[in-house]
Each structure stands twice: as C-alpha cells, then as structure tokens.
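# Architecture at a glance
Residue strings, one per chain:
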Amino acid sequence: VATVEGHCLAMASLASLTSLDRMGPTAVQLSNELLTSDAHADLRHSVFSHVSQDPKQISWGLMIQSLEILANVANNCTHSHSQLADLLCQDDHVLLEKLIANVENALINPHACDLSCRILRNICVSQEIVEELIAQEHKERLFSALTYAVRYGNECHADLQRHSQCCLDQLL
C-alpha cells in the first residue's frame, strides 16, 4: 500500500536523479530513459498524472515535485523534444492545459508557474513543434499568461521572470 509520504519520497528522489546540477550526465541518461523506455511507462504515467490532476485531489508537494521532474526531463532531453511534445498532447492535451493554467496562475503559485515555463520553454524549441503542439486559442492564452508572468516575476521572482521571458521569446 503506497502512502502519500512514500510517493513524496519517491518523487523527491526522482527529482534529484533527473537534476543535471546534482547528477550530471547520469541525469540526462535517466531522463531519456524515463521519457522513452517502456520499462518506465508506469513511472512516466505517475509523474504526468500528478501534474495533470486537480490540485484538490493531490498534495501540493507531490504536484510540485512532479513538475520539477518534468522540467528536469524537458531540460535534459536535448534530442527528444518532439517526443515529449507528443506526450504532452495525449489525452486531449490535458497536461498542456495544466501547464498553461499554471502559467495563468502565477500570482497564486509562482513556483508551479516557473516550473511550467521551464517545461514549455524546453519543448517549444522550434516553430514546427509550437505549431503542432499549441492550437491558436492556446497560444493566445499562453501569450497573455506569459506576459503577465514576466511582469509578476519582475516584481518578486527572478527565476519566474527569466523563464517566462525565455518562453515568451520562443513563442514570438
């Protein structure tokens, strides 16, 4: 029987293992395996589901740790951006919608917004991926949310300001 504490510990460990700063090249290898390997499909699904769940149904810490894992994976997977983009588009873009909602809610949860910006920035590396991944109405929402996140980050959260500006620059 899995406990919330057990899940949090597992997600914290996975966040550390996928951190380039902490693990170096091993983080890149593990990130690529997590993203592509059938052996890690259940773990990948767990991370994605923690990000896309309603915040009322999951602990805040578990969602943040899952966002951190996804941000690390997006940062480390230099050749698999389209694969990660494809995963974001599954299930009617639920995960993409959640990332955009996190950006829209910068004031409420700047850390989730920052991590979501890091994920989106690393996925939207080309106009082709942006065009395939983000429908026009989502682009407008995201553009508006990123513009607000840049201003909000400029006032009180340097990482949020930097990551949201980089993401915004890639969309333009």
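In what follows, the structure referred to is the one given above.
Let us look at the structure shown here. Note that the structure is predicted; figures quoted are calculated from it, not measured. (Residues numbered from 1 in each chain as written. Predicted model: local features only at pLDDT ≥ 70, side-chain atom pairs only at ≥ 80, totals over all residues. Heavy atoms only, no water.)

## Regarding the overall build of the chain
Within the chain, the regular secondary structure consists of ten helices and zero strands. Reading the helices (α) and strands (β) of the chain from amino to carboxyl end gives α-α-α-α-α-α-α-α-α-α. For the chain, the residues scored as buried account for 47% of the 172 residues in total. Residue pairs in contact within the chain that sit at least 24 positions apart in sequence constitute 67% of those at least 6 positions apart. If you sum the accessible surface of the chain, you get close to 8600 Å²; carbon and sulfur atoms cover 53% of it. (Helix = DSSP H or I, 4+ residues; strand = E, 2+ residues; numbered from the N terminus. Buried < 20%, exposed > 50% of the residue type's maximum accessible area, 1.4 Å probe, protein only. Contact = heavy atoms within 4.5 Å. Areas by Shrake-Rupley, 256 points an atom, 1.4 Å probe, with all protein chains shown as cover.)

## Examining the pattern of salt bridges
A side chain with one charge may pair with a side chain of the opposite charge, provided their charged atoms come close. Under the counting rule described, the total for this entry stands at three salt bridges. R141 is paired through a salt bridge with E104; the nearest N and O atoms lie 2.8 Å apart. Placement of the pair is R141 in helix α9 (residues 136-156) and E104 in helix α6 (residues 81-104), with a sequence separation of 37 residues. The salt bridge partner of D159 is R162, with a shortest N-O separation of 2.6 Å. Within this pair, D159 and its partner R162 are both found in helix α10 (residues 158-171), separated by three residues, close to a single helical turn. If you follow the salt bridges from partner to partner, you end up with E97, E104 and R141 in one network. (Salt bridge = Lys/Arg side-chain N within 4 Å of Asp/Glu carboxyl O.)

## Brief notes about empty space enclosed by the protein
Under the counting rule described, the total for this entry stands at one cavity of 30 Å³ or more. When its volume is computed, the largest cavity comes out at roughly 50 Å³. The wall of the largest cavity is formed by L34, L35, R44, V47, F48, I69, L70, V73 and L84. (1 Å grid on protein atoms, 1.4 Å probe; cavity = no way out; pocket = protein on both sides within 12 Å on 5 of 7 lines; lining within 4 Å. Points joined across faces, edges and corners; volume = space filled by probe spheres on them.)

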